[in-house]
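Summary of the model geometry
The chain contents come next:
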Amino acid sequence: MLNFTNASAGEVPDTTSLTPAVQKLSRAVTFETVSTVNKDDFRYEEFLKLHDYLEQAFPLLHDRLQKTVINEYSLLFTWQGNNPDLKPILLSAHLDVVPVEKASEDDWKEHPYKGIIKEGYVWGRGTMDDKYRVIAMMEAVEQQLEQGYAPDRTIYLAFGHDEEVGGYAGAGKINEYLEEQGVQLEAIFDEGLAVAEDVVPGLKDPVALIGTAAKGNINLKLTVQGVGGHSSAPPKETPIYVLSRALTRLHNKPFKPRMIPTTKETLNTLAGELGGKYKFAMRHYGLFKGKVLKMLAKDQATNALIRTIMSPTVMEAGEKYNVLPREASAIVNIRILNGEDRESVIAHVRKVVRDERVNVEVHGVYTPPSQITETNTAVYKALKASIHETYPGVMVVPALFPGSSDAKHYTNLTDNIFRFAPQVVNRENAKLVHNANERMSVEGFHQAITFYDSLIRNTCGLVETDALVQQEEEEGGLGVTGE
């Protein structure tokens, strides 16, 4: 039972003075759609309640769009376009949220499932990841239907129910359904990077980072067996000692830093803003490779862009205070940089651990690093224009997304996958994702609605898209080609 002793315990306050869209986000937060690795812990009834609420909150969308329930708890909406010759686009978001850790309960200033609106923010789990995007997409479509807008291109709204635990029962099944229907997509727009303030070292102006590539993901389980016994007479090395040494070696021997094409394009684009020495260094990267990589490795945010990252996340050993465990294990989550794969990662871990007593095996499903999405396309230019219309003056830059999202399940449907979350983040509020006091500003949420309205119009109307292409060509817009 969750207590939240420091959090407000009352009902959702009166929100009649706020916009209907904000009230919808506030209400959506109250459904505890938590996804867990253990299926028995899923509160599936909460997902069904959320489905029912969305039908009430967005009546035109449910009346005009085709609704398909996938695998009981995920939703797929189809907005049929006027031109069947145009490939559809897919807007992806997810209904589930991560659990609230018991250790963080006292840190919440507002109850995580009350949807409290206070101090210009909507508080609660899912406000930043990822219910705000679900509601923003649906609100943009609802308003467009009210205005009589009809897209040339078919639009899919895909809302999985288990993204936080891999997305295999949600987005994975949505993909299977679309594949069975013979669907091929023009592009997919999923969560990912955002408009970043003071995140890129040396750059003060905000930058909109679009994830045009994503790291892979693998969990390795390290297990050490022992003989057990009483803690009063332990052997020289117990399973916990052996496992601890293995984890320490992995910490001290990280993967070597490497510059992949996407990150090099990011730095080339930003070099002019960062200053002359950076521009010169990137222009002569072959000479300054070591210094550039060393500089990037110093910062937590940029270090993740140049190497495969290993993080122990779960440890298990022992049951009683005075009994030596017969087994100790740890899960190491590894985010794989493009150019590495499962085999090379496992080989690195075994080489660094160099202890035959430590068994290394894959735990769960392996996701390889993504392909690189090209940016010299009309659909990328439409995305870029939509960002400029929503966040005037920001620089738009392709970049590597170090996380994982439902987009990985749709790679067979299109080569154009863009990972961008319409919100403004800095080093402080970025820590709120999956953390206590998660909250979304009312202003930021309205910007998200504006973004999806613009994105739909810019990608799903022939006139708009052709005009954007012509504008970019006249301005000499720079695009990159993926590998």
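Computed from a predicted model, the values in this text were never measured in an experiment.

**Observations regarding the pattern of salt bridges**
Within this structure, the stated rule accounts for 17 salt bridges. The closest approach of N and O atoms between glutamate 46 and lysine 49, which form a salt bridge, is 3.5 Å. You can see glutamate 46 and its partner lysine 49 sitting in helix 2 (residues 44-57), three residues apart, about one turn around the helix. The network of salt bridges with shared partners includes Glu32, Arg43, Glu45, Glu46 and Lys49.

**Thoughts on the confidence of the model for the protein chain**
Across the protein chain, the average pLDDT comes to 90, with 90% of residues at or above 70. Confidence over residues 9-16 falls short of pLDDT 50; this stretch has 14 contacts with residues more than four positions distant or in other chains. Long-range and interchain partners of residues 476-483, a stretch whose pLDDT sits below 50, account for 15 contacts in this model, where long-range means more than four residues apart.

**Things to note about the sheet that holds strand 12 (residues 358-362)**
Reading across the sheet, the four strands line up as 10-11-9-12 and stay open at both edges, with antiparallel pairing between neighbours. Strands at the two margins of the open sheet, each flanked by one partner only, are strand 10 (309-317) and strand 12. Strand-to-strand twist of the sheet, defined as the mean angle between neighbouring strand axes without regard to direction, takes the value 25 degrees. Set on the sheet, helix 6 (residues 239-252) makes contact with strand 9 (216-225), strand 10, strand 11 (327-336) and strand 12; between it and strand 11 the angle comes to about 15 degrees.

**A few points about the nonpolar core**
The nonpolar side chains of a soluble globular protein tend to be buried, and buried together. Ranked by size, the top nonpolar core spans 63 residues in total, and within it Phe159, Ile387 and Phe445 carry the most contacts. Broken down by element, this core gets its largest block of residues, nine residues, from helix 4 (residues 131-146). Setting aside its immediate chain neighbours within four residues, phenylalanine 445 contacts Ala21, Val22, Leu25, Tyr132, Ile135, Ala136 and Met440. Judged by nonpolar contacts, the second largest core, of 24 residues, contains Val224, Ala246, Ile336 and Val352.

**Thoughts on the sheet that holds strand 4 (residues 117-118)**
Sheet architecture is open: three strands sit in the order 4-5-15, paired in antiparallel fashion. The strands lining the two open edges of the sheet, one partner per strand, are strand 4 and strand 15 (439-441). Looking at chain direction, strand 5 (residues 121-123) and strand 15 are connected through three bridges and run antiparallel. Residue pairing across strands places valine 122 opposite methionine 440, the latter belonging to strand 15.

**Describing helix 4**
Between its first and last C-alpha atoms helix 4 spans 22 Å; for 16 residues at 1.5 Å apiece the expected length is 22 Å, and the two agree. Judged by how many residues are buried, helix 4 sits mostly within the fold: 14 of 16 residues are covered. Of the residues one or two after helix 4, glycine 148 is the one with positive phi, at around 85 degrees.

**Here we look at the packing of helix 1 (residues 20-29) against helix 13 (residues 442-459)**
For the pair helix 1 and helix 13, the least separation of the axes is 10 Å and the interaxial angle reads 105 degrees. Compared by their axis directions, helix 1 and helix 13 come out roughly perpendicular. Contacts between helix 1 and helix 13 involve Ala21, Val22 and Leu25 on the former and, on the latter, Val442, Phe445, His446 and Ile449. Across the contact of helix 1 with helix 13, the residue classes tally to six nonpolar, one polar and no charged.

**Notes on a positive patch on the surface**
On the surface, Lys253, Lys256, Lys351 and Arg354 cluster together into a positively charged patch. By relative accessible area, lysine 253 is classed as exposed at 52%.

**What about helix 6?**
Helix length check: helix 6, at 14 residues, gives a terminal C-alpha distance of 20 Å against a target of 20 Å (1.5 Å per residue), a fit within 8%. Restricting attention to buried positions, one finds in helix 6 the residues Pro239, Val242, Leu243, Ala246, Leu247 and Leu250. Down the axis, helix 6 shows its buried residues gathered within 135 degrees of arc, on one side only. Away from the buried face of helix 6 by more than 90 degrees, exposed residues Tyr241, His251 and Asn252 are located. Its buried side turned inward, helix 6 meets strand 9, strand 10, strand 11, helix 11 (342-353) and strand 12.

**Some words on the pairing of strand 2 (residues 74-79)**
Of all six residues making up strand 2, six are buried, and the element is well covered by its neighbours. Covered by surrounding structure in strand 2 are Ser74, Leu76 and Thr78 together with Leu75, Phe77 and Trp79, the residues of both alternating faces. Between strand 1 (residues 66-70) and strand 2, which pair antiparallel one after the other, the connecting turn spans three residues, and asparagine 71 there sits at a positive phi close to 55 degrees. Sheet topology note: the strand 2/strand 6 (residues 155-160) ladder contains five bridges and is antiparallel. For tryptophan 79, the partnering residue across the bridge sits in strand 6 and is isoleucine 155.

**Looking at the side chain of histidine 409**
Along the polypeptide, histidine 409 turns up in the loop between strand 13 (395-401) and strand 14 (417-425). Among residues more than four places away in sequence, those in contact with histidine 409 are Gly166, Gly167, Tyr168, Ala171, Gly172 and Asn175.

Parameters and conventions
Within each chain, residue numbers correspond to sequence positions counted from 1 in written order. Reporting of local features is limited, given that this is a predicted model, to residues whose pLDDT is at least 70; pairs of side-chain atoms are given and counted only at 80 or more, and all residues count toward the totals for whole chains, interfaces and linings. Values shown for side chains rest on all heavy atoms present in the structure; no hydrogens or waters enter the calculation. In what follows, salt bridge is the name for a side-chain nitrogen of Lys or Arg lying within 4 Å of a carboxyl oxygen of Asp or Glu. Under the DSSP-based scheme used, a helix requires at least four consecutive residues in state H or I and a strand at least two consecutive residues in state E, with every element numbered from the N terminus. pLDDT is defined as a per-residue confidence score from the predictor, taking values between 0 and 100. Residues are treated as being in contact if the distance between any of their heavy atoms lies within 4.5 Å. Strands are labelled as partners when DSSP assigns at least two bridges between them. Only the stretch in contact is used when fitting a helix axis, every axis being a line fitted to C-alpha atoms; angles between N-to-C directions are given from 0 to 180 degrees. Only buried Ala, Val, Leu, Ile, Met, Phe, Trp, Tyr and Cys residues count toward a nonpolar core, and they belong to the same one when joined by side-chain atoms within 4.5 Å. Accessible area is worked out with a 1.4 Å probe on protein chains only. A residue is then buried under 20% of its type maximum, exposed over 50%, and partly exposed in between. One fewer than the residue count of a helix, multiplied by 1.5 Å, yields its expected span. Each angle gets one of four labels, with under 35 degrees taken as roughly parallel, over 145 as roughly antiparallel, 65 to 115 as roughly perpendicular, and the rest as oblique. For this scheme, ten residues count as nonpolar: Ala, Val, Leu, Ile, Met, Phe, Trp, Tyr, Cys and Pro. Four count as charged, namely Asp, Glu, Lys and Arg, and the remainder, Gly too, count as polar. Patches in this entry comprise residues that are over 30% relatively accessible and not in a salt bridge; like charges within 9 Å are linked, as are nonpolar side chains (Val, Leu, Ile, Met, Phe, Trp, Tyr) within 5 Å. Accessibility throughout is a Shrake-Rupley quantity obtained with a 1.4 Å probe, and a residue counts as covered only by protein chains that appear here. Asp and Glu count as negative and Lys and Arg as positive, but His and the ends of the chain are not part of the count. In this description, the location of a charge corresponds to atom NZ of lysine, CZ of arginine, CG of aspartate or CD of glutamate. Here the arc refers to the directions that run from the helix axis out to each C-beta atom.

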